[in-house]
Amino acid sequence: MSLSPQDALSVTPLHALHRELGARMVPFAGYDMPVQYPAGILAEHRQCRSAAALFDVSHMGQVRLVGADAAAALETLVPVDVLGLGAGKQRYAFFTNEQGGLLDDLMITRPPMDAHGDAVAAFGDLFLVVNAGCKAADIAHLQSNLGDNGQTRGHHRCQVIPMPERALLALQGPQAAMALARLNPGVNALTFMTGAVFTLAGATCFVTRSGYTGEDGFEISVPAEAAEALARALLSQPEVEPAGLGARDTLRLEAGLCLYGHDIDSQTSPVEAGLNWAMQKVRRPDGARAGGYPGADVLAQQWRDGATRKRVGLIGLERLPVREGAVLFNPEGQSIGRVTSGTVSPTLGHPIAMAWIDSRYATVGSAVLAEVRGKRTPMQVSAMPFVPQRYFRG
């Protein structure tokens, strides 16, 4: 069945390159995206774990906030410390709703200023990357609450400027730095969760040392018209091969990282999701800048009393794959939760999963049963990440 004009998929600036490389394309978050290349998901996964893989993540939303009050303004929407974020530093964050649920998770970076302030002009006082499926809602949320013309939550305002003119590439793996440094050796100065402006293949790029695979790596914001030249320059490096959404999903699951809309959503809170670590002390219920964001009272109560369910990792004790949606039972046969992501780990060789589960059964080592096609297969609650993270901290 063909798509009607109103349902037509968007494409990224690398769409023609994906076709040239033989990618199998699938609809994802309104875009025609590569799920895998001819080598296959398993090979792409192993390429990222052993060398370097290049992902097109241009479907994600890039936004800059401009104004002296940008950090204070953003703190009215997220329960994390933005005011304390230093120049060149990056932080994981999430938008909450009035019920304490997660509207989206995102990355916040405060770009460093050069002598002329050019970095701020190009990338804002704060630079945000939000999820593809949520970006329209996120941008509307920011503009209506923080923007100059919006109904602000407080007296802090800033300009909210979407950046659809830029593409986003993710170069991930233990040899990513070696490959990227051939284009600009300055990137070696970055450490995990820092960012700066670099010239790469002739283009002005904002580069952060971060990613979604558990490996060392970089995310590169590049002008859309320069994206293909940069991608080709990276793919010409001997360590680098292309990778698609399939490998991206298995890599992030091994690394214990949430996928919005699956492992977390508007009905789940950061406390339930085990994301307390991302709420810095100053923003916690007893902190100096507690509250002031949607759902703060709900999260304060959960922080004090504990949550009735939790996000956990699971390891399969048999070889039967356990996928999203599988119902979980305790040994007595009572339903206690649901799997939100699952795969057979390419690195470990056995099934792994992420799930929401009754807090009484969330202790590491607890035995559970997952129902797969009418059969109940044994699993065990596991700590995450399943595979050690190898971020470069300097």
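Details of the structure are given in the entry above.
Residues numbered from 1 in each chain as written. Predicted model: local features only at pLDDT ≥ 70, side-chain atom pairs only at ≥ 80, totals over all residues. Heavy atoms only, no water.

### Examining the pairing of strand S14 (residues 309-316)
Thinking step 1. Strand direction decides the pairing type here: S14 and strand S17 (residues 351-358), joined by seven bridges, are antiparallel. Each residue of the ladder has a partner; that of Arg309, found in S17, is Asp358.
Thinking step 2. Here four bridges tie S14 to strand S19 (residues 375-382), and the two strands are oriented antiparallel to one another. Paired with Leu314 across the bridge in S19 is Val381. (Pairing = 2+ DSSP bridges. Helix = DSSP H or I, 4+ residues; strand = E, 2+ residues; numbered from the N terminus.)

### Digging into the side chain of Gln280
Thinking step 1. Residue position: Gln280 is located in the loop between helix H8 (245-254) and helix H9 (296-305).
Thinking step 2. Within the structure, Gln280 has its side chain in polar contact with the backbone nitrogen of Asp81 (distance 2.8 Å).
Thinking step 3. With residues up to four places along the chain from it excluded, the contact list for Gln280 reads Val80, Asp81 and Arg91. (Polar contact = N/O pair within 3.5 Å; in protein donor to acceptor, adjacent residues only side chain to side chain. Contact = heavy atoms within 4.5 Å.)

### Overview of the packing of aromatic side chains
Thinking step 1. Within this structure, the stated rule accounts for six aromatic pairs.
Thinking step 2. Summarising the aromatic geometry, the rings of Phe123 and Phe206 are spaced 5.2 Å apart at their centres and angled 35° between planes, so their arrangement reads as tilted. Of this pair, Phe123 sits in helix H4 (residues 118-123) while Phe206 sits in strand S11 (residues 203-208), and the two are 83 residues apart along the sequence. The same class applies to Phe123 as to Phe206, namely buried. (Phe/Tyr/Trp six-rings, centres within 6.5 Å; stacked < 30°, edge-to-face > 60°. Buried < 20%, exposed > 50% of the residue type's maximum accessible area, 1.4 Å probe, protein only.)

### Points about H8
Thinking step 1. Extensive coverage of H8 is indicated by the burial of nine of its ten residues.
Thinking step 2. Following H8 by one or two positions, Gly256 has its phi on the positive side, about 75°.

### Let's talk about the sheet that holds strand S18 (residues 367-372)
Thinking step 1. Ordered by their spatial adjacency, six strands build a closed barrel running S14-S17-S16-S15-S18-S19, and the pairing between neighbours is antiparallel. Neighbouring strand axes in the sheet, compared pairwise and without regard to direction, differ in orientation by 40° on average.
Thinking step 2. Relative to S19, S18 runs antiparallel, the two being bridged by six bridges. Residue pairing for S19: Val368 is matched across the bridge by Met379. (Axes fitted to C-alpha atoms, helices over the stretch in contact; angles between N-to-C directions.)

### Topic: the nonpolar core
Thinking step 1. Leu180, Val207, Phe218, Ile220 and Val222 are the most contacted members of the largest nonpolar core, which totals 29 residues.
Thinking step 2. Elements that contribute at least two residues to this core include exactly strand S3 (52-56), strand S9 (166-172), helix H6 (176-181), strand S10 (195-200), S11, strand S12 (217-223) and helix H7 (227-235).
Thinking step 3. At five residues, the largest contribution of residues to this core is made by H6.
Thinking step 4. Other than its neighbours up to four places away in sequence, Ile220 contacts Ala167, Leu168, Leu169, Leu180, Leu200, Cys205, Phe206, Val207, Leu230 and Leu234.
Thinking step 5. Counting 23 residues, the second largest nonpolar core, distinct from the first, contains Leu74, Ala93, Phe95 and Leu142. (Core = buried A, V, L, I, M, F, W, Y, C linked by side-chain atoms within 4.5 Å.)

### Overview of unusual backbone geometry
Thinking step 1. Here the amide bond leading from Met384 into Pro385 is cis, since omega sits at 5°, within 30 degrees of zero.
Thinking step 2. Assignment of secondary structure puts Pro385 in the segment after S19.
Thinking step 3. Of note, the phi angle at Ala201 is positive, near 50°, even though the residue is not glycine.
Thinking step 4. Tracing the backbone through its elements, the reader meets Ala201 in the loop between S10 and S11.
Thinking step 5. For Ala201, a relative accessible area of 43% puts it in the partly exposed group.
Thinking step 6. Positioned with a positive phi, Arg373 is a non-glycine residue whose angle comes to about 50°.
Thinking step 7. Following the sequence through the fold, Arg373 ends up in the loop between S18 and S19.

### Topic: the sheet that holds S9
Thinking step 1. On the basis of which strands lie adjacent, the open sheet formed by six strands has the order S10-S11-S12-S9-S3-S13 and mixed pairing. Every other strand in the sheet has two partners, leaving S10 and strand S13 (240-242) as the edge strands with one partner each. If you compare each strand with its neighbour and ignore which way they point, the axes differ by 30° on average.
Thinking step 2. As judged from the six bridges shared by S10 and S11, these two strands associate in the antiparallel manner. For Gly195, the partnering residue across the bridge sits in S11 and is Thr208.
Thinking step 3. Along the sheet, helix H2 (residues 41-50) makes contact with S3, S9 and S13, crossing S3 at roughly 120°.

### Focus on the state of the cysteines
A covalent bond between the sulfur atoms of two cysteines is what we call a disulfide.
Thinking step 1. Summed over all chains, the structure comprises zero disulfides.
Thinking step 2. Among the cysteines around Cys48, which has no disulfide bond, Cys258 carries the closest sulfur, lying 19 Å off.
Thinking step 3. A disulfide-free cysteine, Cys205 has its sulfur positioned 20 Å from the sulfur of Cys48, the nearest such atom.
Thinking step 4. Residue Cys205 is classed as buried on the basis of its relative accessible area of 0%. (Disulfide = S-S within 2.5 Å.)

Shape is all these values report; function is a separate question.
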